[in-house]
Structures are given as C-alpha cells and as structure tokens.
Amino acid sequence: MEKNCVVCGMPMVEPADFAGGNPESRVCAHCDTSKPPEIRVTTYGLFRAKPGQGAQLAALLHEHVEFVKKLNGLQETFAGQSLDNPDHFLVFTKWEDFSGHDRMAHAVLNDADARRTFQEMMDVLETEPAFGRFAILE
Ligand SMILES: [Zn+2]
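One structure accompanies this document, and this report is about it. Positions within a chain are numbered from 1, following the residues in the order the chain's sequence is written. Since the coordinates come from a predicted model, pLDDT governs what is reported: local features require at least 70, and pairs of side-chain atoms require 80 or more to be given and counted, while whole-chain, interface and lining totals use all residues.

1. A few points about the pairing of strand S5 (residues 88–95)
We treat two strands as partners when DSSP finds at least two bridges between them. The secondary structure listing takes helices from DSSP runs of H or I that are at least 4 residues long and strands from runs of E that are at least 2 residues long, numbered from the N terminus. Sheet analysis places strand S3 (residues 41–48) next to S5, joined by eight bridges and oriented antiparallel. Of the residues in S5, the one forming a bridge with Gly45 is Val91. The antiparallel hairpin formed by strand S4 (residues 74–81) and S5 contains six residues in its connecting segment.

Here it is as structure tokens:
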C-alpha cells in the first residue's frame, strides 16, 4: 500500500523511497534526518618536495590525481605548482557529498598502485604534507 511521507507528503512506494530503505518508516529517504547532511566537501593537500625534487613529485602527484579522477562523487580535481617555489604543490578536490573524501582515503589505502604512489611521494617530500577539508558554503 502506498504511504505518504509525514514531512513532505511524497508518495512512498519502493523500499528505496523510505528512510533507511525501511517500509515501516513514516518519512521518505529525502526527509531522513538520521543520515549525514548532503554537503559538498572540498579538500586540499599541500606537498613540499625536497629541494630540486619537484619534477619527481609532480609526476607522482599526476598519477595520484589520475587515480582520484576515477572515484565516485568527484566533481573536480587538479594539481598545482607554486609560482614561488617549483618544489611546492597543491592538490585540490571537490566532492558532491560528505563521504567523498572518506572514500578517497579508503581507496588510496586499498588500491595497491595508489598506495605505492603515495609511499613513493613520501620519499621525495621534505616535510609531512598538510591536508584540510571544508564544507562548501557557496
Ligand atoms: Zn519526505
């Protein structure tokens, strides 16, 4: 029997229409407040190569970016080289939902090639990379 969401009134027919996929739920999947909010997330990583090793780091970052491009939920990514120091780089990503960045971290750990790229990257770095992640406000 068709039910309607008590919040928005949407008809709920298939299990996927219900919050949590549970046909006993009184609210629809869109009005489900138990799941994380649908926020877009942007992340950056700052990488500093040992002096003169910028070219090696650039090649490894390129491999990393090509890997990230295949992940679900990615909206945009790029690597950038500092205009002030050719050994300093930025990797930027933008995700359509909250869990995108977590999926990236998980994927890097579980893909042998991606993990090796990351380990090789660590060898040419002068300092620990700095990472940040932010909810996109506008
Ligand atoms: Zn609803």
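2. A few points about helix H1 (residues 54–68)
The terminal C-alpha atoms of H1 lie 20 Å apart, and with 15 residues this matches the ideal 21 Å at 1.5 Å per residue to within 8%. For every residue, the other C-beta atoms within 10 Å of its own C-beta are counted; 20 or more classify it as buried, 12 or fewer as exposed, and values in between as partly exposed. C-beta atoms are placed from the backbone. Turning to H1, its buried residues are Gly54, Leu57, Leu60, Leu61 and His64. In an axial view of H1, the angular spread of the buried residues amounts to 125°, which keeps them on one side of the axis. Along H1, exposed side chains directed more than 90 degrees from the buried face belong to Ala55 and His62. Lining the buried residues of H1 we find S3, S4, S5 and helix H3 (112–124). The span you would expect from a helix comes to 1.5 Å times its residue count less one. Taking the helix axis as origin, the arc is that swept by the directions to the C-beta atoms. Contacts here follow a simple rule: the backbone-placed C-beta atoms of the two residues must lie within 7 Å.

Purely geometric stuff here, so don't read any function into it on its own.
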